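Listed below are the residues making up each chain.
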Amino acid sequence: MACRNIGIDNKHGYFPNPSHYDEMVHLGLPRTHYQHVANWLDEMPLESLLSKRQQAETRFRQEGITFTVYGDNAGTERLIPFDMIPRIIPASEWAVMAKGCEQRVQALNAFLHDIYHEQKIIKAGIIPAEQVLANEHYQALMQGLTLPHNIYAHIAGIDLVRHSDGTYYVLEDNLRTPSGVSYMLENRKMTERLFPDLVAKHKVLPVSHYPDYLKTTLNEASLIQGATIAVLTPGRFNSAFFEHAFLARSMGVNLVSGSDLVVKDEVVYMKTITGLQKIDVLYRRLDDAFIDPQVFNPSSMLGVSGLMSAYKAGNIILANAVGTGVADDKSIYPYVPDMIRFYLSEEPILQNVPTWQCRKPDHLSHVLANLPELVVKEAQGSGGYGMLIGPTATKSEIEDFRAKLIAHPEAYIAQPTLALSTCPTFVAAGIAPRHIDLRPFVLSGKEVRLVAGGLTRVALKAGSLVVNSSQGGGTKDTWVLAE
């Protein structure tokens, strides 16, 4: 069947940049796994797509599917823009990506256990001691504390991008409190509701069992049969509060804040109208600094006094573990391929993006000489903040970053500007290519579990490479096709 969108007629004017890898189009024709979607777009008037988008926005608003933008004077609650055109991944590609993510998280968990015990990788000279032990997220109080199954990052989000040559690269690892899985699940529900006929034409692997996987993983984190689980949230003003409530509800467990918990005799209890109920596992969605004012930030009103004493006594499991942040620091990221070789005796399945560590004088010299061509990131930054994207930056922005790099080189890393793949996206001007990434979610318990796909984030601004929701990005439903 002809596809006028991307053929000679090109009704919707979809012309991806030939220097970028486009997920739907290759040499002006739809890729095999996108043929049904290409035909569907060809037949779908823009007015119908607009109506469907308005339906989706209304539904998301009714269900409270929002996120918070800090410091936004126009209002904090926003909908994450949902793009209705799915991102599709063939089974063969997903099989490699899934194995690569599993391998990577296994190595990162081995690294975390090692640095809090024998520190073999440091003694072997593979990672400099100061980059680990002096890291802001290294927690000395975890030294010598052995966790069940040696798992520190029970939930991980691995951000993947596809370069112009079609190769997937790991952009970063998220091991502290990775977010976005609720949008993955809600996007699928919305696609099935809006376009059931389109979904029916594809053998799309499900994602709805993620809450069951998560609950099983949290149960396995404890040595107690039938452990009592709760989700610990900073509260409704947190940017991801919807997700905290969504996951607690989906797992059938309690959503609690710090004020709902109390520690007695190194045991954590939840306050209920019938008395205290012992909690065995806390899926915590707040950072180390806030979880226990007796140990970390004494002014924190979000955590639980005495929580760390219960943790060190082995009476509570925290998922993810305290101190995991050292493994997803961007200054540690360049060493993950070496971790895989060191701990697993395997070659990495997924490659890192080439990275310059500005703490190294020769790397800094290269970065300073090539700032207009590079992406510079804060080693401990997140959310798309504190970045310089050289090719789109002004001269003054480049010079400001130059001064920052010279003053504090250890705080930054730099990478080449990748030509992120594009995917058809419904924007104000119609259907246009926009850059995307992918965050699969990896669950580590007695075994490693992934649902097929993850959260595809899309940069809605033309030419933008920043997909973060806090920076104006949106999300897509991600379809992994069965064989």
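Reading the values: the criteria
Counting restarts for each chain, with residues numbered from 1 along the sequence as it is written. Per-residue local features of the predicted model are confined to residues with pLDDT of at least 70, and side-chain atom pairs are confined, for both listing and counting, to 80 or more; whole-chain, interface and lining totals are unaffected and use all residues. Derived side-chain values reflect all non-hydrogen atoms in the structure, with water molecules and hydrogen atoms excluded from consideration. Segments assigned H or I by DSSP are reported as helices when at least four residues long, segments assigned E as strands when at least two residues long, and all are numbered from the N terminus. Multiplying 1.5 Å by the residue count of a helix minus one yields the expected span of that helix. The contact criterion used throughout is that any non-hydrogen atoms of two residues lie within 4.5 Å. Throughout this description, the term salt bridge denotes a Lys or Arg side-chain nitrogen within 4 Å of a carboxyl oxygen of Asp or Glu. Between buried and exposed lies partly exposed: a residue is buried under 20% and exposed over 50% of the maximum accessible area for its type, with that area taken using a 1.4 Å probe on protein chains only. Strands pair, by our definition, only if DSSP identifies at least two bridges between them.

J.: Quick rundown of helix α13 (residues 395–407)? Include the residues and the values.
T.: Each full turn of the α-helix corresponds to 3.6 residues, which orients residues three or four apart in the same direction. If you check α13, its first and last C-alpha atoms are 19 Å apart, about what 13 residues at 1.5 Å a residue would give, namely 18 Å. Buried residues along α13 sit in contact with α12 (361–369), β17 (374–378), β18 (388–389) and β19 (412–416).

J.: With reference to specific residues and values, describe the pattern of salt bridges.
T.: Going through the model one piece at a time under the given rule, you end up with 22 salt bridges. In this structure, R341 engages D338 in a salt bridge whose closest nitrogen and oxygen atoms are separated by 3.2 Å. Taken together, the residues span about one helical turn, with R341 and D338 both in helix α11 (residues 336–344) at a distance of 3 residues. One salt-bridge network, held together by shared partners, links E23, R87, E93 and R162.

J.: How would you explain the pairing of strand β10 (residues 261–264) if you had to name every residue and give the values?
T.: Taking every second residue as pointing to the same face, the buried face of β10 carries L261 and V263, while none of V262 and K264 on the other face is buried. Sheet analysis places β10 next to strand β11 (residues 267–272), joined by 4 bridges and oriented antiparallel. Opposite L261, over in β11, you have M270 as the bridge partner. Hairpin connection, β10 to β11: the antiparallel pair is bridged by 2 residues, and D265 has positive phi, about 50°.

J.: Could you give an account of the pairing of strand β5 (residues 82–89), with specific residues and numbers?
T.: By the criterion of burial, β5 is predominantly enclosed, with 8 of the 8 residues buried. Inspection of the sheet shows β5 paired to strand β25 (residues 474–480) by 5 bridges, in the parallel sense. Residue pairing for β25: D83 is matched across the bridge by K476.

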